[in-house]
Amino acid sequence: ALAASFLAPTALAAQDVPPDESWRSIDTPHFRVTFPEALERLGQRAVRIAEDARLRLAETALNVTDERIELILTDHVDFTNGFAQVTPLRQVVVFARPPIDGLALTDYDDWLDLVIVHELAHVYHLDQTSGVGGALRSVFGRVPATWPLFPGMGSPRWVIEGIATWYESALTPAGRVRGSVFSMFLRSAALGGQLEQAGQIAGNSPVWPDGQRPYLYGALFFDWLLARHGEEKLGRFVDALAGQWVPYRLDSAARDAFDESFTDAWRLWIDEVESEARALEEVVEARSQALPEPELRTTAARQALYSSVSSEGVWAHARVDGRSDTRIALAGPSGEASIRTNGIAAFDWLPDGGLVFAQLERRGPWRTRSDLYRRHPDGSIDRLSRHARLDHPGASPTGGWVAAVRIVGGHTELVRVDLGDRSVDVVAAGSDSVHWAYPSVSPDGRWIAASRWTPETRYQVVVVDASSGAIALRLDDVAAIGIAPDWSPDGRWVVWGSDRSGIPNLYGRTVEPAEGRMGPLRQATDVITGAAFPSVSPDGRWIEHSLYTALGWEAARVPFEPASWRDPVPAGGDAYATPVTVVAEAAGFAPAVVGAAGGDVDQLGPLDTRPYSAIRTMRPRFWEPLLLPEISSRGTRVMGPFVGAGTRLFDIVGRHTITASAAAAVDRGKVAAAAGYTWAGLGNPLFSLSAGQSWDAGGPFTAGEERVFIEERERRVNASVTLFRPRWREAFALTASAGWLWEDRTLLDATDLRPSTTLRLTRPSSRLGDLRLSASINSARRHALSISPERGGSIFIQARTRPQLSLADSLSGVAGVDRSVDEVIGQARGYLSFGGWGWADHVLAVRVAAGRAVGPGADAFWYDVGGAAGQGEPVTGLGLFGGQGLFFPVRGYDDGDRSGTRAWVASGEWRFPLFWLNTSWRLLPLHFDRMHGALFADVGNAWGPELGIAGFENPVQDALASVGGEVRLNTLWFFAIPVEFRVGVAARLVGDGGTRAYLRLGRAF
């Protein structure tokens, strides 16, 4: 249960680095840097960068303290990411793959410096608090809660990410505010009428550009705002927000700092964005009339990348439309097909009509690796590499080998992969100052055109010798993002995408690499939004590419007619002014000083490293108040609610985790407690020990003239082992556990809930063993626009035996004395999606659950059937809406309308979209997103045990059945807590009939 003492508490951040790695650490005055042994060189760099970044941030409006920060470098996944947290500890985690894919993150001077500045800005921003918050933290520690302890965490994501993204650009020579992609996103939204207001961005709606919206709008809005008012006002805003006695008043804090509310300032900013976009549109339209308009090949694709055509005329593109699985979509003379891929897959055509593509796959519970796969013309797929960390394949004209990039800790290198023996040879090495991306092999196989990053040139397209890796040509002479080159079929031209003007467009030039000559640079497109990822068709007629629109990347094409191409727009000619440069220089960060982590600091000698010690980072960092729900039976509160406290200890890589909690019932003084320890040192499986005491109640029962409840205290110890086998689209887990239970039961008089003075149990205490084996598999998945899990299902099953120990043979099997129970319980869920009205697919959902308990300890109240299932209310931790823990729900009936040792339920739903609201009033901490509906039918029953004893029969009755409908609304509370409301009406088909309305939180299943 979550604490109820603070508004909008947050969940603990997941520790997802591999605990079984061979970790090393370096200590500095302000950081402990932890990294795998193989990343020693990167760890040494990170130490210097972090200390240097801290010095830069200390000169800003943020409150930079001396408290140590844990910085973890990890190389367990082959995608780019990083995150920061301030509860329950100050920590930054950086994934060691540089951003090479050519989108927003690609504009960097030093990728490690940029991400560390960004994440440290998060730490110093979110760690600020008021005097009251500081006092509470001195008592409770770093409780995972927002106001008043960590008020910054109660801000909208566009504030949190906007501030950090602004600092990444103010304190380095690059970053997303300076780059072309964010400007492209915002300009295209303005021209397409898709700009959003501040209250809309405060939600988590999957409006394009989806997860990038908080970064995009937040960073560019703060860039505009601070250019008007000065960077020092940002500190005033953070202080004003932290010091509020009534929290979550963003506009009030903005007025205190900037003398205008965010809501009003946002409107002015949006007007300026639209005005600038229209003015630039007129400039581009006036000069681009000689170039053909791109012809769209897709609509509503959201992300249609790497569009290209095979020699057989089959057109393909990687597609992420938000409604279906990520895939490579194929269309040709024989019809349409698709290759389902794990993530967006870069690919290239092979001469035989097959293709080679790269995709991610899980390697155990902790690691994700990129490998190459081959699709043959007949549709069969082979895996070409295994955990080789290969990406961006480019096929040779013979089909015998492909060029690719190989991911190495902190950089990439250019390689050749033999498709026969699967060997990998390095063509051109990478380093901290050289990264490779998007190789393309010339039609004669002698040359490779690729994007090569260096600090001086950014991503420059070069042509290298396919055997030696020697650079023959450098195709651009400005520092820009030049990506994804491709050759014309005759090998005379190379075309690529570049943002050299400030707008991503397509460029090309003739090349003669053997002679070291190239023709003049020519511009092939001049669009106002953006164009990238070109591919010249095999017949030489078209340039297939990705065209950016207000709703995402679409596949498009323009004629391949070099004679009509124009001289390029001057470098930087279309770039927006970036006030962040002016502000950064005013704050003392001139370009010569920015990014000094790569300069003088690197002249320091190597620092001492030592083996990672879990005990050094494992200590209590907080305790939080707990409010646990009451214990009730058939609508009567027997005890509770419970008030107490809990804490959690862990080391920073997650090898050891300890949890502990205790709470007492406010009315009767009963104590519930739990403690657990998990060891993950092997990575897989996980080993756990736990102990605890809990309370339950049953009844009421009638004995003679007295009605009584049974109060039960259970004390338990348990040991378990869990084995995981995750895949990209499914997860399997197997858990085996063994334990001991001590049960003590008391009869309570139903009138005053005190121990009965007239009735006694003959054996009020029992000692039992507990052996369990459970398995689960889940393949259900959701997409960006989904209203429900879809396309797949899940199965859970558990077998359990609970024998009573130390029981005389003469009492074995005697009901009321022997508490032994054997049971099997399980459920299956299935989801099938199909097209229909609205923005999302419709879903048919089915759930079946059943349980069977045998043995003298299984009573007539073992399973309960009935009620509407729901989830706990996450803001206060109270069970305000009911429905928690119902394994056998039947909507329209009371919880426990049927009970017994045998139970089953089945439910079917048709789920469909209704309205996409995406609305909030000004900047109140409540956002309404999407409304969807469901029609359902439920049926279920429970009965037994059949003891043949008068007064104890529980025979089979007619199954409960109901039909009804629900309206469901996705909301976001306090800028951080997603809550789905379900309002339903169920008509009972069995029993007294009638209808019942209910309100629940969360999905039915």
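Residues numbered from 1 in each chain as written. Predicted model: local features only at pLDDT ≥ 70, side-chain atom pairs only at ≥ 80, totals over all residues. Heavy atoms only, no water.

1. A word on the packing of aromatic side chains
Here is step 1 of the chain: Per the stated rule, a full pass over the model turns up 45 aromatic pairs.
Here is step 2 of the chain: When the ring of Phe701 is compared with that of Phe861, the centres are 5.1 Å apart and the planes differ by 80 degrees; the resulting orientation is edge-to-face. Taken together, the residues span a long stretch of sequence, with Phe701 in strand β38 (residues 686–703) and Phe861 in the loop between β44 (842–854) and β45 (863–865) at a distance of 160 residues.
Here is step 3 of the chain: We classify Phe861 as partly exposed; its relative accessible area is 29%.
Here is step 4 of the chain: What links up through ring pairs into an aromatic cluster is the set Trp158, Tyr217, Phe221, Phe222, Trp224, Phe237, Phe258, Phe262, Trp266 and Trp269. (Phe/Tyr/Trp six-rings, centres within 6.5 Å; stacked < 30°, edge-to-face > 60°. Helix = DSSP H or I, 4+ residues; strand = E, 2+ residues; numbered from the N terminus. Buried < 20%, exposed > 50% of the residue type's maximum accessible area, 1.4 Å probe, protein only.)

2. Considerations on a negative patch on the surface
Here is step 1 of the chain: A cluster of acidic residues, Asp271, Glu272, Glu274 and Glu276, forms a negative patch on the protein surface.
Here is step 2 of the chain: With respect to the element layout, Glu274 can be found in helix α10 (residues 262–287).
Here is step 3 of the chain: Among the residues examined, Glu274 registers a relative accessible area of 31% and is labelled partly exposed. (Patch = residues over 30% accessible without salt bridge, like charges linked within 9 Å, V, L, I, M, F, W, Y side chains within 5 Å. Areas by Shrake-Rupley, 256 points an atom, 1.4 Å probe, with all protein chains shown as cover. Salt bridge = Lys/Arg side-chain N within 4 Å of Asp/Glu carboxyl O. Lys, Arg positive; Asp, Glu negative; His and termini not counted. Charge placed at Lys NZ, Arg CZ, Asp CG, Glu CD.)

3. Looking at the packing of helix α7 (residues 213–229) against α10
Here is step 1 of the chain: Contact geometry for α7 and α10: axes closest at 11 Å, N-to-C directions at 95 degrees. As the angle between them shows, α7 and α10 are arranged roughly perpendicular. For the pair α7 and α10, the contacting residues are Tyr217, Leu220, Phe221, Phe222, Trp224, Leu225 and Arg228 in the first and Phe262, Ala265, Trp266, Leu268, Trp269 and Glu272 in the second. (Axes fitted to C-alpha atoms, helices over the stretch in contact; angles between N-to-C directions. Parallel < 35°, antiparallel > 145°, perpendicular 65-115°, else oblique. Contact = heavy atoms within 4.5 Å.)

4. A word on the environment of Gly154
Here is step 1 of the chain: On the secondary structure map, Gly154 appears in the loop between α3 (131–140) and α4 (157–170).
Here is step 2 of the chain: On the accessibility criterion, Gly154 (4% relative accessible area) is buried.
Here is step 3 of the chain: Sequence separation between Gly154 and Thr368 is 214 residues, and the spatial gap between their C-alpha atoms is 32 Å.
Here is step 4 of the chain: Sequence-distant contacts of Gly154, that is, excluding residues within four places in its chain, are made with Thr146, Tyr248, Phe974 and Phe975.

5. With respect to α4
Two residues of an α-helix separated by three or four positions point the same way, owing to the 3.6 residues in each turn.
Here is step 1 of the chain: An ideal rise of 1.5 Å per residue puts 20 Å on 14 residues; α4 measures up with 19 Å between its terminal C-alpha atoms.
Here is step 2 of the chain: Of all 14 residues in α4, 13 are buried, a share of seventy percent or more. (Expected span 1.5 Å × (residues − 1).)

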